[in-house]
Amino acid sequence: MKAVIVQELERSYDKVEALKGISFEVDQGEIFGIIGPDGAGKTTLFRILTTLLLADSGFASVDGNEVVKDYKSIRKKIGYMPGRFSLYQDLTVEENLKIFASIFKTTIEENYHLIKDIYQQIEPFKKRKAGALSGGMKQKLALSCALIHKPVVLFLDEPTTGVDPVSRKEFWDMLDKLKHQGITILVSTPYMDEASLCNRIGLIQDGNFLKIDTPENIINQYENVLLAAQSNQMSKLLKDLRTEEDINTCFAFGDSHHITIKKESLAENGGNFSIDKLTMDLSNKGHKDIHIEPIKAGIEDCFMELAK
Amino acid sequence: MRQFLIFTQKEFFHIFRDRWTMMMLLALPIAMIILFGFGITTEIKNTRFAIYDPSRDVATQGIVNTMEKNEYFTLEGYVENPDQIETIFKEGKIGLLVVFSEGFYENLVHTGDAQVQLIADGTDPNTASTITNYATNIIAGYQLELLKIGEIPFQITPEVKLLYNPTMKSAYNIVPGVIGMVLMLICAMMTSVSMAKEKELGTMEVILVSPMPPILIVISKVIPYFVISIVNLMNVLALAVFVLEVPIVGNFFLLVFVSLLFIFVALALGLLISTMVETQLVALLLSVVGLLMPVIMLSGLMFPIENMPIILQYVAQLIPAKWYITAMRDVMIKGLGFTSIIKEVAVLSIMALVLITISLKKFKIRLE
């Protein structure tokens, strides 16, 4: 049995179509990442699957239970961590955990082994109010609360947004451990670099999936020639590159610009593009310290290509 | 059961840990009853008055002395000339001028018809009519004294008597009203605000995705405010009896019973509001504008319902506090039994039932 089944799910708010008939399936015990920019429909999808919203049409089930009809049984066995910190800020760390344990009719002691790795890190602060925790610690507490009843499927809506890089890494390590305990995890994120940590990902934009596959397959299917370019005037470089006739797309990526070359311009297709020619062009336009090299595509490059 | 108890405990934590919520819940009712009982009063004490008295005889002196002795009046002085009358009012020194006719005592003894004119500042008609009423009573009282001595052969004096509140203390009217207001404020406003807070902070989202039945969420939310309301009711009643000296004439348990019924109505109203709003601010505004204002304006607490335009009289019938205040006055001040307030109890019961049904029906098991 699939952990999650979604078929032709549609949902609109007034005039905005948040989900335009998406379908996918999640296997048991895998980490499935839903990756896309803000406003792509990630939260709407999560809310439908966690029985908080009703879809306009389509079918969805979680662990064999239909989300509308069997919402009560779904609520018993899933863990849900919403996008923003949603615990009681005026209660202490321990009290929050106790409340969530008790509303799921369990106790902290009973399932302590499940949250031990995570909770141990915040246990020294268990008498502190949840509102006074740092961003990373809040996420750990929220994850502990979502896990305390040993859910079958865990829904994490942008759990690492606004969290520092070290805590983000720790968080993903924890997800990996949870996966090995047999918990299916559905996680959404706007950070493309987190995609490679999932078993499979779905790239979502404007309420549609662009592609669903393993991160490796998505990267391997990238066909373009991809170059990274740097010079002493990065913003001028972006404009200049975009006017180059051989260049198909050019995006700013951190400390370099990623560019793709038009197919017909490549030497193998009879074109006359070469890195040396481009370097020459750019230095004629006043750029110095030009550095251009071929690179391997990342998920973000694939997303840009697919989202065109 | 355990989940319910822990959830209720959580609600108490929310209240106890927020100093301002605590202040609002426990200190505000006390401040309100003291303010309304002492500060905002329709009694007029220490009104300064002046006398224009061309007669200056035994009778006028007697009346002036009696008025001076009264706690409501303080003598400002004598006006020598009728031309001064307007000036002295314009200066705002006095609230009442007593003008005696010439040869007052002689007229009183011989013809039995002596004239006193009472002039008051009509810019505030309520105050003016209250002051002149007081003065008329004092003069009538003096007349009565004369009659006993037997100097005047025959005189009919109309006597006005105020039942249940012989001294016209406004606290008698205020106490039931303030209790109504306080209970409405705490139950309805605080319940709706605390429910809206869960939605606003996103905690409702997490709680909904749990096996906790919505009805338990609602009940555990309401219980702390129910308990605090009862504490407040006792506080306010104690203050009313021991500080404002308003006696509880009727049956105490009947009083508590009617109050509990009203608390139910108010809690149900709070729940209804919380099903309609998403943010604390809107919940607060709706509670104040939609609940508190009608309680103050239309329940008969401030203005008699009988004097309102017909439409507002009908609207007033829909306000739970109106029925509660009526019942409270009947039981607390008049000392009437259950049979006299059956109508009020019935109306409040129906309101509670209807409101609870609607709000439970409207309670969202999802986010929208």
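Relevant structure appears above.
Criteria and cut-off values
- Residues numbered from 1 in each chain as written.
- Chains lettered and ligands numbered in written order.
- Predicted model: local features only at pLDDT ≥ 70, side-chain atom pairs only at ≥ 80, totals over all residues.
- Heavy atoms only, no water.
- Helix = DSSP H or I, 4+ residues; strand = E, 2+ residues; numbered from the N terminus.
- Buried < 20%, exposed > 50% of the residue type's maximum accessible area, 1.4 Å probe, protein only.
- Contact = heavy atoms within 4.5 Å.
- Lys, Arg positive; Asp, Glu negative; His and termini not counted.
- Charge placed at Lys NZ, Arg CZ, Asp CG, Glu CD.
- Core = buried A, V, L, I, M, F, W, Y, C linked by side-chain atoms within 4.5 Å.
- Pairing = 2+ DSSP bridges.
- Axes fitted to C-alpha atoms, helices over the stretch in contact; angles between N-to-C directions.
- Patch = residues over 30% accessible without salt bridge, like charges linked within 9 Å, V, L, I, M, F, W, Y side chains within 5 Å.
- Areas by Shrake-Rupley, 256 points an atom, 1.4 Å probe, with all protein chains shown as cover.
- Salt bridge = Lys/Arg side-chain N within 4 Å of Asp/Glu carboxyl O.
- Parallel < 35°, antiparallel > 145°, perpendicular 65-115°, else oblique.
- Left-handed = near helix turned anticlockwise from the far one by under 90°.
- Nonpolar A, V, L, I, M, F, W, Y, C, P; charged D, E, K, R; others polar.

Structural notes on the overall build of chain A
Step number 1: For chain A, the helix and strand inventory stands at 10 helices and 14 strands.
Step number 2: Within the span of chain A, comprising 308 residues, buried residues form 53% of the whole.
Step number 3: Restricting to contacts in chain A with at least 6 residues of sequence separation, those with at least 24 account for 68%.
Step number 4: Each charge sign in chain A was given a centre, from 38 positive and 45 negative side chains, and these centres are 6 Å apart.

Side note on the nonpolar core
Step number 1: One finds Val4, Phe24, Leu49, Phe155 and Leu186 of chain A to be the most contacted residues of the largest nonpolar core, which totals 107 residues.
Step number 2: Formed by 59 residues, the second largest nonpolar core is a distinct cluster that contains Phe85, Leu114, Ala146 and Ile219 of chain A.

Concerning the sheet that holds strand β1 (residues 47–52) of chain B
Residue and element names in this part refer to chain B.
Step number 1: A sheet is described by the order of its strands in space; here 4 strands give the open sequence β2-β1-β3-β4, paired in mixed fashion. If you trace the sheet from one side to the other, it starts and ends with β2 (73–79) and β4 (116–120), each paired once. On average, each strand axis in the sheet is tilted by 25° relative to the strand beside it, whichever way the strands run.
Step number 2: Of the strand pairs in this sheet, strand β3 (residues 96–100) and β4 are connected by 5 bridges, and their pairing is antiparallel. In the strand pairing of β4, valine 99 is matched with glutamine 117.
Step number 3: Against the sheet, helix α3 (residues 58–69) makes contact with β1, β2 and β3, and its axis sits at roughly 145° relative to β2, the strand it touches most.

Details of a nonpolar patch on the surface
All names here are of chain B.
Step number 1: Among the surface-exposed residues, Met276, Leu281, Val282, Leu284, Leu285, Leu286, Val288, Val289, Met293, Met297, Met302 and Phe303 lie close enough to one another that they form a single nonpolar patch of about 1,000 Å² accessible area.
Step number 2: No other element matches helix α11 (residues 280–298), which puts 9 residues into the nonpolar patch.
Step number 3: Along the chain, methionine 297 turns up in helix α11.
Step number 4: In this structure methionine 297 comes out as partly exposed when scored by relative accessible area, which is 35%.

A look at the packing of helix α3 (residues 93–103) of chain A against helix α1 (residues 2–17) of chain B
Step number 1: Two numbers describe how α3 of chain A lies on α1 of chain B: the axes approach to 8 Å, and their chain directions differ by 150°. Taken as axis vectors, α3 of chain A and α1 of chain B run roughly antiparallel relative to one another. In the crossing of α3 of chain A with α1 of chain B, the sense of the turn from one axis to the other is left-handed. Seen from α3 of chain A, the contacting residues are Glu95, Lys98, Ile99, Ser102 and Ile103 of chain A; seen from α1 of chain B, they are Arg2, Gln3, Ile6, Phe7, Gln9, Lys10, Phe13 and Arg17 of chain B.
Step number 2: Residues belonging to the contact of α3 of chain A with α1 of chain B are distributed by class as follows: 5 nonpolar, 3 polar and 5 charged.

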